[in-house]
Amino acid sequence: DSQKKNRFIFDGYPRSLSQAKNLNLLLDESNQKIDLIFFLNVNKDVIIKRIEKRKKLENRSDDDLNIILKRYDTYMETTKPVLEYYSKNPNFHEIDGALEIDQITNKIDAFLNV
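The present account deals with the structure reproduced in this document. (Residues numbered from 1 in each chain as written. Predicted model: local features only at pLDDT ≥ 70, side-chain atom pairs only at ≥ 80, totals over all residues. Heavy atoms only, no water.)

Now for the pattern of salt bridges. Applying the stated criterion across every chain yields a total of 2 salt bridges. With a closest N to O distance of 2.4 Å, Asp35 and Lys33 form a salt bridge. Given a relative accessible area of 46%, Asp35 falls into the partly exposed group. The salt bridge involving Lys44 is made with Asp73; its shortest N-O contact spans 2.8 Å. Placement of the pair is Lys44 in helix H2 (residues 44-58) and Asp73 in helix H3 (residues 65-87), with a sequence separation of 29 residues. The class of Lys44 is partly exposed, set by a relative accessible area of 29%. For Asp73, a relative accessible area of 38% translates into the label partly exposed. (Salt bridge = Lys/Arg side-chain N within 4 Å of Asp/Glu carboxyl O. Buried < 20%, exposed > 50% of the residue type's maximum accessible area, 1.4 Å probe, protein only. Helix = DSSP H or I, 4+ residues; strand = E, 2+ residues; numbered from the N terminus.)

Here is the structure:
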């Protein structure tokens, strides 16, 4: 299907401002553009509750709360400039990541006109 050619989804990328700027250069060189940008915003309290629930349900050894919170802080620190950079784009959409999965899916589908 020709409508699906040259379509990409970047999940968790770019994570730094330099990566975002390099991505824009590559897209410009290949005459491509970013159609939609989604930021699933989840606050720290929700993340803590989800990790604690997942740890109980799945008994995952990598769900150490202190490690996760350090990773969250690092992520937010390095990602904040990327969010500020892309938030100026009219195709930037912030979605409440604390919603249920089907609610998030419905919001994204609405932007994709699915």
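What follows picks up the thread again.
Inspection of every chain in the model, using the stated rule, returns 3 aromatic pairs. Considering the side-chain rings of Phe10 and Tyr13, the 5.7 Å spacing of their centres and the 45° angle between planes classify their relative orientation as tilted. Overall, the relative accessible area of 35% leaves Tyr13 in the partly exposed class. Each ring, one from Tyr85 and one from Tyr86, has its centre 5.2 Å from the other, and the planes form 70°; the classification is edge-to-face. Looking at Tyr85, the relative accessible area reads 28%, which means it is partly exposed. (Phe/Tyr/Trp six-rings, centres within 6.5 Å; stacked < 30°, edge-to-face > 60°.)

Before going further, it helps to examine the nonpolar core. Formed by Ala20, Leu23, Leu27, Ile37, Phe39, Val82, Leu83, Tyr86 and Phe92, the largest nonpolar core amounts to 9 residues. Only helix H1 (17-29), strand E1 (37-41) and H3 provide two or more residues apiece to this core. If we skip the residues at most four places from it in the chain, Leu27 touches Gln32 and Ile34. (Core = buried A, V, L, I, M, F, W, Y, C linked by side-chain atoms within 4.5 Å. Contact = heavy atoms within 4.5 Å.)

For the rest of this paragraph, the subject is H3. A maximum bend of about 40° is found in H3 at Thr79, where proline Pro81 lies one to four positions downstream. Here H3 has its buried residues at Ile68, Leu69, Tyr72, Thr79, Val82, Leu83 and Tyr86. On its buried face, H3 is in contact with H1, E1, H2 and strand E2 (92-96). (Bend = angle between axes of the 7 residues up to and from the residue.)

A few words on H1. When the terminal C-alpha atoms of H1 are compared, their 19 Å separation across 13 residues agrees well with the 18 Å that a helix rising 1.5 Å per residue should span. Buried within H1 are the following residues: Ala20, Leu23 and Leu27. Axial view of H1: buried residues confined to an arc of 60°, hence all on one face. In H1, those exposed residues whose orientation departs by more than 90 degrees from the buried face are Leu25, Leu26, Asp28 and Glu29. In the stretch just after H1, Asn31 is the one whose phi turns positive, near 55°. (Expected span 1.5 Å × (residues − 1). Arc of directions from axis to C-beta.)

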